[in-house]
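Chain and residue survey
Now for the letters of each chain:
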Amino acid sequence: MDAFHPTQASLSPYKLLFRALSSIPISHYFLASLFCSLIFLYHFLEFHFLEDVFSGLRGSPVSLTFNSHSQIYEGVVSKCRILHGRYLATPWLSSPHFQTAFLNFFGRPPVVNYRRQIFRASDGGSLALDWLLPSDVLRGAFHANNAISKDDTTPIVVVIPGLTSDSTSAYIKHFAFNMVKRGWNIVVSNHRGLGGISITSDCFYNAGWTEDIREVIAHLHHEYPVAPLFAVGTSIGANILVKYLGEDGENIPVAGAVAICNPWDLLIGDRFISRRLLQKFYDMALASGLQGYAQLHQPRYSRLADWEGIKRFSSLQLDHLLYSRSIRDFDTYATCLVGKFETADTYYRRCSSASFVGNVAVPLLCVSALDDPVCTREAIPWDECRANKNVILATPQHGGHLAFFEGIAATSLWWVRAVDEFLSVLHSSPFMHKQKKILNSSPHSSLESAIDQGPYVNFAEDGMVAAMGNEQTSTVVGPLSEGQNIHDKSSDNEMASDSEQDERMTTENSALAPNIAQTSKLAAKPSSIRKCLEKLSQHNRISMWLMAYIAITTSWPLVGPALQFVFKNKFKSVLPAALHGR
């Protein structure tokens, strides 16, 4: 047994601990620090590899949100095997941030050769429509003489890219190539100023600019009236698409639509993307793309926006890197000034598609990953999607932003296969949307003030009177005929001739004729209206007496004793003294 040394008892416990720690090899410290760093990065980058392993590499099920009485689900989505299956991310990309970064830096897109068409908008703006036809892919070469005929029934899919994206983006190429292999025609509607096209008007695109897609779809429907039109929007393009569908309602020539990774509520998204350090890098990356877009069109931006503010927020100094280089700064200095918005918050509120999803009358599939690092799940309008019978919301647990890579080699995107299946089933079903002509309708924003907009009085045919609020009313005449009440454009995008304009005016006047006849019919019945007004006045007199009775009855417990006290004193002064003696 060792002898006790007084010097050991006099040592400090911390010195003994330091001696014990110093005896541990440095390699063990390195391994421990590496292990702690891996745990930190695993949670910081939101990896889910262990979760996938524990699930047997089967992936997580796709959650579907829909109305219980939805015919779109019963007739279309219930037949979609992919939407009812599971999604398993590529194992070495089992992080939403890895997936999003890999899509933007690599993506592994297929090789495609577009055909370009320059579309002239009504305000003088220019858009690049990039076409991809089955003959360009199946034959492996570009054939300039292949054109779509007027009576071609091949479906056309219009694709709306995301923020600062165009037809060259990897995810756009993945989707276009996959749909063309099915035999459908694809046209990518690039945003103004993107795709190598200069800005030719004072209008720039933004998150709520729906005029371009409205005119493009009307033009395609006029040029190819028998071809079913489908629309697919991605990211900001999805927000524009859903807003457009909600604004036009039934009066739209789109047979079906898909929204991928929609930000939904831009105000919530703005708060989310500036909340955490990791999201701020996405904010800076997107803002850098916007600043490059502004520099590309500097002559017009310097005239319409605060160019000094744009240059100031794009400074690369360290103190501006994390605080001034953001999407909100660009929207403050550029988007709000060009789009005539008071503040950035006003712009976000007015352009958010969440307030328009309730008015969508087209079969709409919405796909949003719950771990999307750019478009937060907090902005998804769950109740609004569930209330609309035309909307199906699919929310996989993982996928990142527009990525959804699958397979060991990460050569395919899950959402591309899901959209392909959904559109093909919808095309073969009787649930494709048929356009109906809406009279006396105009785009109506849910943010529009309801002050001084009612109620009004409506007289029916039988003379009955009903109160009307400020709800938007419309008259459905029937399916829209080819080229009727559409802003026509020729193949070379020139203005319509005078004869065509006269014919269009004649068609519109003939369509309005039933309303005019209906108005004259109502005006020819003054007696019934007068009779109804007399009944209303009679009911008002009865109501006044009833209100008086109710007032007397309810107030009598207080008024009765007061009246008794007052009149009792008066009676005492009037009655003879003999009566008082009794």
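Residues numbered from 1 in each chain as written. Predicted model: local features only at pLDDT ≥ 70, side-chain atom pairs only at ≥ 80, totals over all residues. Heavy atoms only, no water.

A short note on the pairing of strand β4 (residues 115-120)
With burial as the criterion, only one face of β4 is covered, namely that bearing Arg115, Gln117 and Phe119; the residues Arg116, Ile118 and Arg120 on the opposite face remain uncovered. Sheet analysis places β4 next to strand β5 (residues 126-132), joined by six bridges and oriented antiparallel. For Arg120, the partnering residue across the bridge sits in β5 and is Ser126. Between the antiparallel neighbours β4 and β5 lie five residues, among them Gly124 with a positive phi of about 95°. (Buried < 20%, exposed > 50% of the residue type's maximum accessible area, 1.4 Å probe, protein only. Helix = DSSP H or I, 4+ residues; strand = E, 2+ residues; numbered from the N terminus. Pairing = 2+ DSSP bridges.)

A word on the packing of aromatic side chains
Evaluated as defined, the whole model comprises 17 aromatic pairs. Their ring planes at 35° and their centres at 5.7 Å tell us that Phe404 and Trp414 sit as a pair that is tilted. With Phe404 in the loop between β11 (391-395) and β12 (405-406) and Trp414 in helix α19 (residues 414-427), the pair connects residues that are 10 residues apart, well separated along the chain. A relative accessible area of 1% means that Trp414 is categorised as buried. Every member of this aromatic cluster is reached through a ring pair, and the members are Trp92, Phe102, Phe106 and Phe405. (Phe/Tyr/Trp six-rings, centres within 6.5 Å; stacked < 30°, edge-to-face > 60°.)

Points about empty space enclosed by the protein
With a probe scaled to a water molecule rolled over the atoms, the places where space remains empty come into view. Within this structure, the stated rule accounts for two cavities of 30 Å³ or more. In this model, the largest cavity occupies a volume close to 90 Å³. For the lining of the largest cavity, the residue count by class is six nonpolar, three polar and one charged. Volume-wise, the second largest cavity comes out at about 40 Å³. Looking at side-chain class alone, the lining of the second largest cavity contains four nonpolar, three polar and two charged residues. (1 Å grid on protein atoms, 1.4 Å probe; cavity = no way out; pocket = protein on both sides within 12 Å on 5 of 7 lines; lining within 4 Å. Points joined across faces, edges and corners; volume = space filled by probe spheres on them. Nonpolar A, V, L, I, M, F, W, Y, C, P; charged D, E, K, R; others polar.)

Section: the packing of helix α8 (residues 170-181) against α19
Where α8 meets α19, the axes come as close as 10 Å, and the angle between the chain directions of the two elements is 40°. At the point where α8 passes α19, the crossing takes the right-handed sense. In this structure, α8 contributes Tyr171, His174, Phe175, Asn178 and Met179 to the contact, and α19 contributes Trp415, Val416, Val419, Asp420 and Leu423. Of the residues in the contact of α8 with α19, the class split is seven nonpolar, two polar and one charged. (Axes fitted to C-alpha atoms, helices over the stretch in contact; angles between N-to-C directions. Left-handed = near helix turned anticlockwise from the far one by under 90°. Contact = heavy atoms within 4.5 Å.)

Here we look at the sheet that holds strand β7 (residues 185-189)
The strand order across the open sheet formed by nine strands is β2-β11-β10-β9-β8-β6-β7-β5-β4, and the pairing between neighbours is mixed. On the outer flanks of this sheet lie β2 (63-65) and β4, each paired with one strand and no other. Between one strand axis and the next, the sheet turns through 20° on average, direction left out of account. As judged from the five bridges shared by strand β8 (residues 229-234) and strand β9 (residues 256-260), these two strands associate in the parallel manner. Residue Thr234 lies in a different strand from β9, and its bridge partner there is Ile260.

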